[in-house]
Amino acid sequence: MPADPLRRVDALLGVALRLARTAPSGRIVLAHLARVIDPAWITSDELAADLEASAARRREPVAPRAVERALRDAWGVKPTEELDDLELEPVAITPTSQVHRGIERGKPVAVKLLRPGIAASVRQDLVVLDGLASPLGTAFPALDPGALIREARERILDELDLEHEAEVQRRFHRALRGHPFLTVPAPVTRLAHHTVLVSDWVDGVPITRAPDPDLAAARLVTFVIGSARFGVVHVDPDPDDVRILSDGRLAILDFGATREVAAQRTERVHEALEAFADDDEHALGAALTELGALPAAEARTLIDVGRHALGVLAGPGPARLDTEEVVNLRARLLERSHELGRLVLAGAIAPEDLWPARATAQLFAVIARTGATGDWLALTRAALREGWNAGS
């Protein structure tokens with residue numbers, strides 16, 4: 001990458017890291033990254049240390065008395081009046097919440113509780129995102145930093161509203177009812193509150209321990225990429241929240257991070273991907289121009305840089321995606337630093353594409369943690385074309 005664009009990106013990362021260390025919302029982001037990223041992918045010892053520290057903080061559970069108090073405040077009655085039983089020892093802890101096993105009307109349920117005080121704390125410090133506007137605009141001149149920051153702020157607030165999450169989860173549950181290999185637990189809507197979400201309990205192993213990681217990874221591509229055709233993208237696939245059931249189906253447990261997408265925009269993204277796969281720079285340029293992502297004149301450069309960086313991951317045919325391949329991809333990308341610099345200076349991302357882009361990045365980061373083998377470009381094309389019907 002030319003020196004000037006590289007310095008701009010480095011300056012942006014430096015500002016972002018300083019903000020992340022000092023603000024609750026930033027520390028949450030670091031903790032989320034620590035759940036998905038393999039430390040071997042990181043070249044910065046400083047960032048690796050920050051991720052480890054954030055991961056350690058996320059393992060600290062909410063005290064049992066605080067759990068009971070939060071549930072009583074949410075429901076207006078003692079937890080024992082709504083639940084037959086509740087295990088106060090959490091079964092899962094995330095940066096913003098923790099999950100307990102309970103019994104509701106004779107059936108096992110998962111009780112997700114927002115960490116007390118976390119929503120108010122994050123709302124207060126979301127203003128720190130404004131500190132990214134100047135370096136973001138400097139690093140990526142074609143962007144609209146203000147619009148991107150407003151989008152990030154709105155989506156982060158959505159993630160802190162468990163009643164909103166329950167509504168979205170219900171939509172996914174209903175849409176996937178009867179699907180041959182995808183399932184979503186039903187939320188108990190009568191107990192939904194902005195700080196509490198109760199769902200049917202799911203028994204299964206995390207995708208990182210899937211008996212058949214190749215099949216599980218292919219099905220996860222179908223779910224995450226295919227959700228764009230549903231009109232709501234699931235943004236935050238997490239290794240612990242993607243479970244393999246005893247019958248082989250894939251269960252997705254967490255719906256805190258989602259984003260509605262317009263059908264027309266999904267179609268333009270589909271056209272861009274098809275053009276990239278077919279080496280059609282004219283069609284790719286047209287799609288990128290409509291998306292406002294890149295000038296048509298840079299389509300050829302994007303194809304060349306993308307295919308060089310992806311290597312065997314772009315097919316045709318299956319390729320193993322693991323830590324070694326992620327490191328190799330990064331090295332190959334830097335081999336085209338001059339062209340990459342041009343794309344950085346010319347490229348932009350629309351606010352409505354920010355969370356879907358996060359979904360794609362996290363999807364393949366999770367798959368890399370499994371070391372699965374697949375024809376990733378073909379799987380992605382099928383999922384974006386056919387939605388959840390792909391692979392059925």
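Anything mentioned here points back to the structure above.
Residues numbered from 1 in each chain as written. Predicted model: local features only at pLDDT ≥ 70, side-chain atom pairs only at ≥ 80, totals over all residues. Heavy atoms only, no water.

A.B. asks: Would you mind showing me how to read the sheet that holds strand β7 (residues 205-206) here?
C.D. replies: Whenever strands of a sheet pair, they do so through backbone hydrogen bonds, lying parallel or antiparallel. Spatially, β5-β10-β9-β7 is the arrangement adopted by the four strands of the open sheet, whose pairing is mixed. Unpaired on one side and paired on the other, β5 (182-183) and β7 mark the two borders of the sheet. As defined by bridge partners, β7 adjoins strand β9 (residues 242-244) across two bridges and the pair is classed as antiparallel. From the neighbouring strand, Val205 faces β9, where its bridge partner is Ile244. Where helix α9 (residues 213-230) meets the sheet, it contacts β5, β9 and β10 (250-252), and its direction lies at approximately 45 degrees from that of β10. (Pairing = 2+ DSSP bridges. Helix = DSSP H or I, 4+ residues; strand = E, 2+ residues; numbered from the N terminus. Contact = heavy atoms within 4.5 Å. Axes fitted to C-alpha atoms, helices over the stretch in contact; angles between N-to-C directions.)

A.B. asks: Before we go on, may I ask you to explain the packing of helix α12 (residues 299-310) against helix α14 (residues 337-346) in this structure?
C.D. replies: Describing two packed helices takes the angle between their axes plus the distance from one axis to the other. At a closest axis distance of 10 Å, the pairing of α12 and α14 adopts a crossing angle of 130 degrees. The angle between α12 and α14 falls in the class oblique. Judged by the sense of rotation from one axis to the other, the crossing of α12 with α14 is left-handed. Facing α12, whose interface residues are Thr301, Leu302 and Val305, α14 presents Glu339, Arg342 and Leu343. Split by residue class, the contact of α12 with α14 holds three nonpolar, one polar and two charged. (Parallel < 35°, antiparallel > 145°, perpendicular 65-115°, else oblique. Left-handed = near helix turned anticlockwise from the far one by under 90°. Nonpolar A, V, L, I, M, F, W, Y, C, P; charged D, E, K, R; others polar.)

A.B. asks: I'm lost on the nonpolar core in this one. Help?
C.D. replies: General note: in soluble globular proteins, nonpolar side chains tend to be found buried as a group. Residues Phe172, Leu220, Phe223, Leu250, Ile367 and Trp376 are the most contacted members of the largest nonpolar core, which totals 58 residues. By residue number, the principal contributor to this core is α9, which donates eight residues. Not counting chain neighbours up to four residues away, the residues in contact with Trp376 comprise Ala217, Val221, Leu313, Ala319, Leu321, Phe364 and Ile367. Core analysis: the next-biggest nonpolar cluster, separate from the first, contains 16 residues, Ala66, Val111, Val196 and Val198 among them. (Core = buried A, V, L, I, M, F, W, Y, C linked by side-chain atoms within 4.5 Å. Buried < 20%, exposed > 50% of the residue type's maximum accessible area, 1.4 Å probe, protein only.)

A.B. asks: How should I be thinking about α9 in this particular structure?
C.D. replies: Taking 1.5 Å as the rise per residue, α9 with 18 residues should run 26 Å; its terminal C-alpha atoms sit 25 Å apart, in good agreement. Of all 18 residues in α9, 13 are buried; the element is thus mostly enclosed. Positioned one or two residues after α9, Gly231 has a phi angle of 100 degrees, which is positive. (Expected span 1.5 Å × (residues − 1).)

A.B. asks: Help me out: how do you make sense of the pattern of salt bridges in this one?
C.D. replies: Two side chains of opposite charge can pair, provided their charged atoms sit close to one another. Counted by the stated rule, this structure contains 29 salt bridges. The salt bridge partner of Glu290 is Arg268, with a shortest N-O separation of 4.0 Å. Taken together, the positions of Glu290 in helix α11 (residues 281-291) and Arg268 in helix α10 (residues 263-277) put the pair 22 residues apart, joining distant regions of the chain. With relative accessibility at 15%, the residue Arg268 sits in the buried group. Close ionic contact of Asp279 with Arg300 constitutes a salt bridge, the shortest N to O distance being 2.6 Å. Of this pair, Asp279 sits in the loop between α10 and α11 while Arg300 sits in helix α12, and the two are 21 residues apart along the sequence. By relative accessible area, which is 40% here, Asp279 ends up partly exposed. Among the charged side chains, a network of salt bridges with common partners joins Glu151, Glu154, Arg155, Asp158 and Arg259. (Salt bridge = Lys/Arg side-chain N within 4 Å of Asp/Glu carboxyl O.)

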